[in-house]
Structure formats: C-alpha cells, structure tokens
Amino acid sequence: MNDRASSEYAQKTANRPIKVTAAGQVIASGQSGVVSHVTLLAGSDAATLTLYDGTDNTGTPIAFLAAAAESVDRAVYPSGVRYSNGVYAEITGTGPTGLVVATHES
C-alpha cells in the first residue's frame, strides 16, 4: 500500500469517540480492535469507568479510570489496548459521562 492509499484507509477507519452514559453499555460486540483514548467526566459525585474485553462485565478488564466529583480523568494509550471480543463499558456515579475512542478490526 502506498502512502496515499494508506492515508485514505486511515481516514476511512478513523477513530470516533463513543459516549458512555448508561450503567452498562456495549461499545463493540464480537469484534476485535484497539482502544486508544478514554475520558471520564464525573458528575456530582465520584465516578469510575471500567472497560472489559467482551460484551458484559465478566470479560477481562482492559482499562479503569476514576475521577473525583466534578473532575476529569483521561488515559491515552499510544500503542492502544487490544480487545478481541468487543468492548463493554461500566460507568458508576451520579451523572457521569465517558468517552471511548476505539478502532474496530473486524
């Protein structure tokens, strides 16, 4: 693949943030890929965000963030965190919001 073709492929498969607000949310199901960024915005109390490799919270934990009330926690993974069975996000707290950036391979 030449540089131009590589650039076009990267644009077509660009990472897009996925908003997480539900107590448990499937980000990707039955897919493999890489998580590159995770952000947690806590609401009126402390919050946590745990990502699991899979479609529920019985999969292997692959990322964990915690933030005090009305604060932010971020994680950037330059090499990415690989998952093979999808991504499940579990968020706790009152009014938190999470953002997950992932690239799906299949």
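Residues numbered from 1 in each chain as written. Predicted model: local features only at pLDDT ≥ 70, side-chain atom pairs only at ≥ 80, totals over all residues. Heavy atoms only, no water.

This part takes up the sheet that holds strand S7 (residues 86-92). Ordered by their spatial adjacency, 4 strands build an open sheet running S2-S7-S4-S5, and the pairing between neighbours is antiparallel. Strands at the two margins of the open sheet, each flanked by one partner only, are strand S2 (24-29) and strand S5 (60-67). Strand-to-strand twist in this sheet, taken as the mean axis angle between neighbours without regard to direction, amounts to 15 degrees. Bridge analysis of strand S4 (residues 47-53) against S5 gives 7 bridges, and the strand direction is antiparallel. Each residue of the ladder has a partner; that of Tyr52, found in S5, is Pro61. (Pairing = 2+ DSSP bridges. Helix = DSSP H or I, 4+ residues; strand = E, 2+ residues; numbered from the N terminus. Axes fitted to C-alpha atoms, helices over the stretch in contact; angles between N-to-C directions.)

What follows is about the pairing of strand S8 (residues 97-104). Walk down a regular strand and you will see the side chains alternate between the two sheet faces. Strand direction decides the pairing type here: strand S1 (residues 16-20) and S8, joined by 5 bridges, are antiparallel. Along S8, the bridge assignment pairs Lys19 with Leu99. Pairing of strand S3 (residues 33-41) with S8 involves 8 bridges; the strand directions are antiparallel. Each residue of the ladder has a partner; that of Gly33, found in S8, is His104.

Turning next to the sheet that holds S1. Strand order across the open sheet formed by 4 strands is S1-S8-S3-S6, with antiparallel pairing between neighbours. Looking at the sheet topology across the chains shown, the edges are occupied by S1 and strand S6 (72-83). On average, adjacent strands in this sheet sit at an angle of 20 degrees to one another, irrespective of strand direction.

What is shown is where atoms sit, not what they do.
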